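One-letter residues, chain by chain:
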Amino acid sequence: MFKEFELDGHVALVTGGGRGIGREIALVLAEAGADVAVTARTTSQIKATASEIEKLGRRSLAIQCDVTNYTQVTNTVQQVTKLMGKIDILINNAGASIGGGAISPLPVEENETGLYTARKTISPEDWNNSLETNLSHIFYFCQAVGPQMLIRKRGKVINILSNNGGIAYPFTAGYNSAKAGGAMLTKVISLEWAPYNINVNGIAPGFFPTEMTRRRYESPEGREAMLNAIPLKRFAPLRDIGLLSIYLASEASDWMTGQVIYLDGGESAFRA
């Protein structure tokens, strides 16, 4: 590995690290030499991830945390800092597909458009939950981790967003709006922290095999619809997101900040 990509001596905190994208990022960071703390609401999943990290010869912590709870977020950051010494890399990955449905009741029982179906109307609760889970948690963790990075004048923040933050779909108002907000928040924080040598960037994945997309992947019609939206006409492994995360977490990306990188096989270009 090029020395600029090595993460030996670095400590990373990955939210939503128990499965899917977060788990893969955590493992790849450990392969690159980082010690990695993982957090999520499901304790069994993050313990499994932490065990795999330790098998790679790295230190790890598994901390149960509801990322929508500001107190739990600050407690988690304090615990990681106390037990692992510092946080050099923050991966804000936690998220969920909440807030799907029609803005207003539709005149038909079911309305389908492309990959998306409106079987309900978005409730205010779903709307607020989507913003808390997909957007506010980025603010919470950055505010909690920021002070130590600002003092050291060094740090890497990577926000895992979605290409849905830049591509409008019907019936996904909560999720799309939250992800779009995450992209703007990434840019704002990058400007505030640039004078302190802290890099803040985002990754906006397209269709990857996760729990959120499982139903579409398992449906022949869903898979065909997804492939038709991807110019490269193929899916990519989750590891691709981990490899991009290594670049953004390492000194190789020291001159990149305020950027949102679309990793989606060309879908965002196709739909632009």
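Look up: the structure comes first, before these words.
Throughout what follows, the structure given in this document is the object of discussion. (Residues numbered from 1 in each chain as written. Predicted model: local features only at pLDDT ≥ 70, side-chain atom pairs only at ≥ 80, totals over all residues. Heavy atoms only, no water.)

Examining the nonpolar core
Argument step 1. Within the largest apolar cluster, 31 residues are counted, with the highest numbers of intra-cluster contacts made by Leu29, Val36, Val38 and Ile91.
Argument step 2. Only strand E1 (11–15), helix H1 (20–31), strand E2 (35–40), helix H2 (43–55), strand E4 (89–92), strand E7 (155–160) and helix H8 (239–249) provide two or more residues apiece to this core.
Argument step 3. Take this core: its biggest share by element is seven residues, from H1.
Argument step 4. Apart from the residues within four sequence positions on either side, Ile91 is in contact with Leu13, Val14, Thr15, Ile25, Leu29, Ile158 and Ile160.
Argument step 5. Among the nonpolar cores identified, the runner-up in size contains 29 residues, and Ile63, Ile87, Tyr140 and Val145 belong to it. (Core = buried A, V, L, I, M, F, W, Y, C linked by side-chain atoms within 4.5 Å. Buried < 20%, exposed > 50% of the residue type's maximum accessible area, 1.4 Å probe, protein only. Helix = DSSP H or I, 4+ residues; strand = E, 2+ residues; numbered from the N terminus. Contact = heavy atoms within 4.5 Å.)

Examining the sheet that holds E7
Argument step 1. Pairing is parallel in the open sheet, where seven strands are placed in the order E3-E2-E1-E4-E7-E8-E9. The open sheet has two edge strands with one neighbour each: strand E3 (60–64) and strand E9 (260–263). Each neighbouring strand pair of the sheet contributes to a mean axis angle of 15°, computed without reference to strand direction.
Argument step 2. Alignment of E2 against E3, held across five bridges, turns out to be parallel. Residue pairing in the sheet places Thr39 in a bridge with Ile63 of E3. (Pairing = 2+ DSSP bridges. Axes fitted to C-alpha atoms, helices over the stretch in contact; angles between N-to-C directions.)

A short note on unusual backbone geometry
Excluding glycine, most residues fall at negative phi; most peptide bonds, likewise, are trans.
Argument step 1. Positioned with a positive phi, Lys153 is a non-glycine residue whose angle comes to about 55°.
Argument step 2. Mapped onto the elements of the fold, Lys153 is located in the loop between helix H4 (124–152) and E7.
Argument step 3. Its identity as a non-glycine residue notwithstanding, Phe171 has a phi of 70°, on the positive side.
Argument step 4. For Phe171, the position within the fold is in the loop between E7 and helix H5 (173–193).

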